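Listed here are the chains, written in short residue letters.
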Amino acid sequence: MFGVIATFQNEAREHLQLFEEALLELEDNPHNASCIDQAFRSIHTIKGAGGIVGYRELCNFAHHVENVMDKIRSGKYDISSELISFFLDAKDHIQAMLPNPEPESHLIIEGQQLLDKLYKVLPDEADQHSVSTPFESTAIEQEEKPATKVFRIRFTPDADSFKNGFDVRPLLRELGGLGHCQVTTITHDLPDFNALQPQLSAMRWDLTLLTEQPQSSVDDVFIFVIDDWTLEIEEIDLTDKDAISDKLGELLIARGIISQNQLSDALAEHREVGKILQDQGLVKDDDIKAALAEQQVTRETKKQTGNDNSGETTVRVPADRLDKLMNLVGELVIVQARLNQEATKREDEGVLAISEDLDRLTTELRDNTFSLRMLPIGSTFGRYRRLVRDVSRDLNKKIVLHTEGAETELDKMMIDKLADPLVHLIRNSIDHGIEPPADREAAGKNATGTILLRAQHSDSQVKIEVHDDGRGLDTDTIFSKAVEKGLVAADAQLDNESIFKLIFEPGFSTAKTVSEISGRGVGMDVVKRSIQDLGGKLAVQSELGEGTHFRISLPLTTAIIEGLMVQVSNERYVLPLSVVEECVEIKSSATKTNDRRRLAKVRDQRIPYMRLREWFRLSGIIPDIEQIVIVRLGEERFGFCVDEVIGQYQTVIKRLGKMYENTVGYSGATILGDGSVAIILDPLSLRDALQHEVEILDKAG
């Protein structure tokens, strides 16, 4: 039973997210019929599934929410701001009741208080509440659009289902909610009355469902019992216009009740097939009723429908299993690298061939495993819309959230860990950035502020931006507060970029008063640390009176990347292969200069580069011919001078310890086939560090 409840909880959370997204869209477009339908289906599914697994109080509350949504669908009620607020609060309440089928008393009281608020908005609902029961079937009006699918559904509950608390009625109502459903209860397997055990299930059900929903929706109804019950779901072919396939005998064959030979023998008697088969004891009366019900629905539907393509099958897998799989693939990559190294050392053609085949298979396995963890970042955008709506109302501000790049894919683990930092940044924009409407109008701005949340791929990274058109960061105020807190000296000379970085210091806040939203100096330092833990970087730009722009740069994954291994002296390094463009040779004599500003001429183009030997202060013999690995960083090209380019390398990323997390130029490390360690370089931070050093030297004269 624990597995069933856990499955319901996960499914319910997803439906609640869809419910919230539909509501937020309805607030902007109250006549969007598809969003109304989506909200209704979500709450209807939660109510039906909750009744099956014993969430009686949750089911009771959801029933009243569903009633109101159904009347909105039918046009009796109009969407209003008050109703949207109620539905959002109802969503939060249902989510709070998910952990336990028997909620604590305060949750039941809170649920009643929410309903009381609803009755003030819709007094008619209060009258119906007194006669309504939590397990009543909600009437689902059929759309004028004709249904296009017919499903034959047969299920037999596990013998202990009743004993375990399962109730078939909510499940049947859930199926009825998908369309027109003909139900036949098969009772001929019931034992004699004296042998009947009420706690054991001995019945089965035969249904014909006419619906516009895909088979996945039908499958979802049985998601909590699919492992324990005997279940058959078949979509009937409506493209076969031959009336013979709809005859009773053919339907009984399709249902597996009789064989073709038995039908032929019965037809030879030239009497009603159903009566003959019953007389011969081949079928029961219930079987005939179920087949006739299917015959009626199928014949009527074939007159007005065509074929349909079923959606692809999906399988739910716990996230921790994917994480374990990715870790195992990472270890496999390391072992495969050891095999490559050993095969090359022994110069055994047979072992080399095996190593190459394993390399190809490992790469394919790695890519497929990696793709399983990739999700569109837009799956989290809904929660930020709700955040902006609620917080802006609390602060009496008018703010809209615009999103771009919802389809941008990122590792699921990173999406999960990115949620809190983005919440902090958006709350900061709402509270500190966007001004009150009166202040905005006085400054010549639109009274409604705007926050833009954008995601996009850039080279081998994902760029996420949070931009607001608010008041911007006041450098004088930030500097004064930093001096007051002892973070900088009063006579310190800091540029704007350095001052902006002070907002990420622990305990730093420019808020004059402490509120529920901000003022305690907790948040921005956590944001920076969280982004760094993901191997990313956080930058901020701002202009007073114009707004603030936060930029987050993240690697696509923190697991495995393709790298280019290079060697300098006795040390080996890895550069991300996704940014590498080419490698060129250069005489070592041409690199011997004390000037950090080095330029290499490549096909009439001068490209700046840095010598890793000098940067990391490595000794050893310098080869006569060195290699420059040229990478593309945004719109610019940049080079790294090394002793030798070893070649492509599947790199399993290992995080560096706290001692090295702020080291410039390092993004991680990897274990090589011989057990040694190679540092994974961050080309962008190395280039920026070199440019910063050159600027300092220029200022020093």
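Conventions and cut-offs
- Residues numbered from 1 in each chain as written.
- Predicted model: local features only at pLDDT ≥ 70, side-chain atom pairs only at ≥ 80, totals over all residues.
- Heavy atoms only, no water.
- Pairing = 2+ DSSP bridges.
- Helix = DSSP H or I, 4+ residues; strand = E, 2+ residues; numbered from the N terminus.
- Axes fitted to C-alpha atoms, helices over the stretch in contact; angles between N-to-C directions.
- Salt bridge = Lys/Arg side-chain N within 4 Å of Asp/Glu carboxyl O.
- Buried < 20%, exposed > 50% of the residue type's maximum accessible area, 1.4 Å probe, protein only.
- Contact = heavy atoms within 4.5 Å.
- pLDDT = per-residue confidence, 0-100.

**Concerning the sheet that holds strand E3 (residues 204-211)**
And step 1. One open sheet accounts for four strands, arranged E2-E3-E1-E4; its pairing is antiparallel. Taken across any chain shown, the strands that pair with only one partner, and hence form the sheet edges, are strand E2 (179-186) and strand E4 (230-235). Across the sheet, the axes of successive neighbouring strands diverge by a mean angle of 15°, strand direction being ignored.
And step 2. As defined by bridge partners, strand E1 (residues 149-156) adjoins E4 across six bridges and the pair is classed as antiparallel.

**Topic: the pattern of salt bridges**
Here the idea is simple: oppositely charged side chains can pair when their charged atoms come close.
And step 1. The tally for this structure, following the rule as stated, stands at 39 salt bridges.
And step 2. The residue Asp-92 makes a salt bridge to Arg-386 at a minimum N-O spacing of 2.5 Å. Here Arg-386 lies in helix H15 (residues 381-394) and Asp-92 lies in helix H4 (residues 81-97), a separation of 294 residues in the sequence.
And step 3. Of the residues examined, Asp-92 reaches a relative accessible area of 34% and is grouped as partly exposed.
And step 4. Residue classification places Arg-386 among the buried positions, given a relative accessible area of 8%.
And step 5. Two residues, Glu-342 and Arg-346, come together in a salt bridge whose shortest N-O distance is 3.3 Å. Linking Glu-342 with Arg-346, this pair stays in helix H13 (residues 319-346), spanning four residues, or about one helical turn.
And step 6. Among the residues examined, Arg-346 registers a relative accessible area of 61% and is labelled exposed.
And step 7. One salt-bridge network, held together by shared partners, links Glu-20, Glu-27, Lys-91, Asp-92, Arg-386, Arg-389, Asp-390 and Arg-393.

**Side note on the sheet that holds strand E6 (residues 399-404)**
And step 1. Pairing is mixed across the open sheet formed by five strands, whose spatial order is E6-E8-E9-E11-E10. Two strands close off the open sheet at either side, each with one partner strand: E6 and strand E10 (537-543). Going from strand to strand, the sheet's axes swing by 15° on average, the running direction of each strand aside.
And step 2. Where helix H20 (residues 524-533) meets the sheet, it contacts E10 and strand E11 (547-555), and its direction lies at approximately 135° from that of E10.

**Concerning the confidence of the model for the protein**
And step 1. Here the protein averages 80 in pLDDT, while 81% of its residues score no lower than 70.
And step 2. The low-confidence segment residues 303-311, where pLDDT is below 50, has 12 contacts with residues more than four positions distant or belonging to other chains.

**Brief notes about the pairing of E3**
And step 1. Most of E3 is tucked away: seven of the eight residues are buried.
And step 2. Relative to E3, E1 is paired through seven bridges, and the arrangement is antiparallel. Considered in E3, the bridge of Arg-152 is made with Thr-208.
And step 3. Pairing geometry for E2 and E3, over eight bridges, is antiparallel.

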